[in-house]
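Secondary and tertiary structure notes
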Amino acid sequence: MPESSNAASSNADFPTLLEAAVSLAKRSGAEAADAVIGRNLSLSVGERLGALEKLQRSEDQDLGLRVFVGKRQAIVSTSDFGRAALEELAARAVAMARAVPEDPYCGLADPAEITKNPPLLDILDPKEPSEAELTRIVREAEAAARAVPGVTNSEGAEAGWGRTEVAMLASNGFYGRYAQTHSGVSVSVVAGTGTGMERDYDYSTAVYFADLEKADALGRAAGERAVKRLNPRKVATEKVPVVFDPRVSNSMVGHLLGAINGSSIARGTSFLKDKMGEQIFAPGIAIVEDPLRPRGLRSTPFDGEGLATRRHALVEDGVLTTWILDCRSARQLGLKSTGNAQRGASSPPSPGASNVHMEKGRVSRADLLRAIPRGFYVTEMIGSSVNGVTGDYSRGAAGFWIENGELAYPVSEVTIAGNLKDMFKAITVADDLEFRYGVNAPTLRIDGMTVAGT
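These lines cover the structure that appears in this document, whether it is placed above or below. (Residues numbered from 1 in each chain as written. Predicted model: local features only at pLDDT ≥ 70, side-chain atom pairs only at ≥ 80, totals over all residues. Heavy atoms only, no water.)

1. Focus: the overall build of the chain
Applicable threshold: Secondary structure elements follow DSSP: runs of H or I no shorter than four residues count as helices, runs of E no shorter than two count as strands, and numbering proceeds from the N terminus. When we talk radius of gyration, it's over C-alpha atoms, and the globule rule is simply 2.2 Å times the number of residues to the 0.38. Note on classification: 1.4 Å probe, protein chains only; a residue is buried when its accessible area is under 20% of the maximum for its type, exposed when over 50%, partly exposed between these limits. The contact criterion used throughout is that any non-hydrogen atoms of two residues lie within 4.5 Å.
A count of helical and extended segments in the chain gives nine helices and 19 strands. Taking 454 residues into account, the globule formula puts the C-alpha radius of gyration at 22 Å, and the chain, at 24 Å, falls close to it. In the chain, which comprises 454 residues, the share counted as buried stands at 54%. Partitioning the intrachain contacts of the chain with sequence separation of at least 6 by distance along the chain shows that 72% fall at a separation of at least 24.

This is how it looks when you write it as structure tokens:
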């Protein structure tokens, strides 16, 4: 039975439990079945104004069993791994499957499609940070933020670490397991007084605790951002170029991912449903999914149905090249899965993306701004009204007004609007790509958007 060397020794009992669950399901009348176990450990610390507000350590584990009776499926889960509990779980799952309507597209992956040797990925930090280490970076972050002149209060700082172990086995012959870690630190502070207060924040996440951004630099950035937002102005409604800071530019990629999700395409509820192979972005723009990226926040050696994950272009030279598919949505569309199934213990697989980024452009952020006589630079998005069927886009935003190529003054309480089909084609990409999140994009300029103010 192949297994990824990402696995940790603490889940040595996983294969036995999974084999028992699948075997019991078949003994109860299932024609096919798969089972998944997730075990999670986490530690988090939070302080505000130098005083401890949160100290939490948690541990949980779940086993999910999916069974098939003909073209009917059911999913059940439990945190009790005892033999009697698994027997009851299997019997209940099969009974449920017999009672639900048929789904002509459900089923396990074809045995010829499953991966036999999941790769080793660098997604497991062998060192667990201590409570003292988390407390230290929390205090450093908040202290640095509060030290910025103009900062008057704090909403606190938090730091956390988590470890997830996953194992999956299916009656089609698949077995795989891996472990991954995540660490994070965040801080949020307030500047100003009375009715003139403004808040801002910064945060960092990483697979390895040592890869987190320096806590004092993070805090200082949060404090400086809050101060810069003081005394915001209103602006008149007009059509101008809108520039998205990297903190929010990844939302454009997120809207694309929703629009090319196989479930939406199969239902016909996406504004890109008939755009495969067509130019949807400006020439030169590339958007890449890379589930195998070392130390990637969403890297995974196999998908939720046991298929190999791989790096591939979603958009190449502005052209849409693929949908994001699991087995079910692929069958609906008469295609093959792209290895993008995601699942939990109590839910069936569904399409989802891993690490995704928009490739950097050739223009610097400074030059991108310099070419704008009047425009709006977005640093924060508020709420969302995006129609996935039509592409109509309208979101509240805050940031800075651009005058003669420079950030002139802070702006708040405005709405930016357009249609994603037009916005995608009007994007200009800067060269400042950084990998800080699961989805990343450089600074983006989109011409012709409506900024609705006073």
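2. Here's the deal with helix 1 (residues 14-27)
Spelled out, the test is: Any helix carries an expected span of 1.5 Å times its number of residues minus one.
Between the first and last C-alpha of helix 1 there are 20 Å, a value that for 14 residues agrees with the 20 Å anticipated at 1.5 Å per step. Of all the positions in helix 1, only Phe14, Pro15, Leu17, Leu18, Ala20, Ala21, Val22, Leu24 and Ala25 are classed as buried. Against the buried residues of helix 1 lie strand 1 (32-48), strand 2 (51-69), helix 2 (83-99), strand 4 (151-170) and strand 5 (175-191). A positive backbone phi angle near 120° is found at Gly29, which sits one or two residues after helix 1.

3. What to know about the pattern of salt bridges
Side chains that differ in charge, positive against negative, can pair when their charged atoms come close. Heads up, the condition is: Throughout this description, the term salt bridge denotes a Lys or Arg side-chain nitrogen within 4 Å of a carboxyl oxygen of Asp or Glu.
Per the stated rule, a full pass over the model turns up 32 salt bridges. Between Asp367 and Arg370 there is a salt bridge, with its nearest N and O atoms 2.1 Å apart. Here Arg370 and Asp367 lie together in helix 8 (residues 365-370), a separation of three residues that amounts to about one turn. With relative accessibility at 52%, the residue Arg370 sits in the exposed group. Between Arg445 and Asp447 there is a salt bridge; the shortest N-O distance is 2.6 Å. Judged by relative accessible area, which is 37%, Asp447 ranks as partly exposed. Where salt bridges share partners, they join Glu155, Arg199, Asp200, Arg229, Arg247 and Glu380 into one cluster.

4. Regarding the sheet that holds strand 9 (residues 312-316)
To be explicit about the condition: At least two DSSP bridges between two strands are needed for those strands to be called paired.
The strand order across the open sheet built from five strands is 10-9-8-13-18, with neighbouring strands paired in mixed fashion. The open sheet terminates on both sides in strands that have one partner only, identified here as strand 10 (319-320) and strand 18 (439-440).

5. Regarding the packing of helix 1 against helix 2
Short version of the rule: Angles here are taken between N-to-C directions and fall from 0 to 180 degrees, while the axes themselves are lines fitted to C-alpha atoms, restricted in helices to the stretch in contact. An angle below 35 degrees is read as roughly parallel, one above 145 as roughly antiparallel, one from 65 to 115 as roughly perpendicular, and any other as oblique. It is the rotation of the near helix from the far one that decides the hand of a crossing: anticlockwise by less than a right angle makes it left-handed, clockwise makes it right-handed. Under the convention adopted here, Pro, Cys and the residues Ala, Val, Leu, Ile, Met, Phe, Trp and Tyr are nonpolar, Asp, Glu, Lys and Arg are charged, and Gly plus all remaining residues are polar.
Where helix 1 contacts helix 2, the axes come no closer than 8 Å and their chain directions differ by 45°. In terms of axis orientation, helix 1 runs oblique to helix 2. Two packed elements cross with a definite hand, and for helix 1 against helix 2 that hand is right-handed. Here Leu17, Ala20, Leu24, Ala25 and Arg27 of helix 1 come into contact with helix 2, specifically with Arg83, Leu86, Glu87, Ala90 and Val94. Split by residue class, the contact of helix 1 with helix 2 holds seven nonpolar, no polar and three charged.

6. Let's talk about the nonpolar core
If you look at soluble globular proteins, the nonpolar side chains tend to sit buried side by side. The test is simple: Among buried residues, those of type Ala, Val, Leu, Ile, Met, Phe, Trp, Tyr and Cys that are joined through side-chain atoms within 4.5 Å constitute a nonpolar core.
Residues Phe244, Phe281, Ile287, Phe376 and Ile416 are the most contacted members of the largest nonpolar core, which totals 50 residues. Every residue in contact with Phe281, bar those within four places of it in the chain, is listed here: Leu256, Ile287, Val315, Gly318, Met358, Phe424, Lys425 and Ile427.

7. Considerations on the pairing of strand 3 (residues 72-78)
For strand 3, the tally of buried residues reaches five of seven residues, placing the bulk of the element in the interior. As judged from the seven bridges shared by strand 2 and strand 3, these two strands associate in the antiparallel manner. Counted as the bridge partner of Val67 is Ala74 from strand 3. The antiparallel hairpin formed by strand 2 and strand 3 contains two residues in its connecting segment, where Gly70 sits at a positive phi of about 65°.

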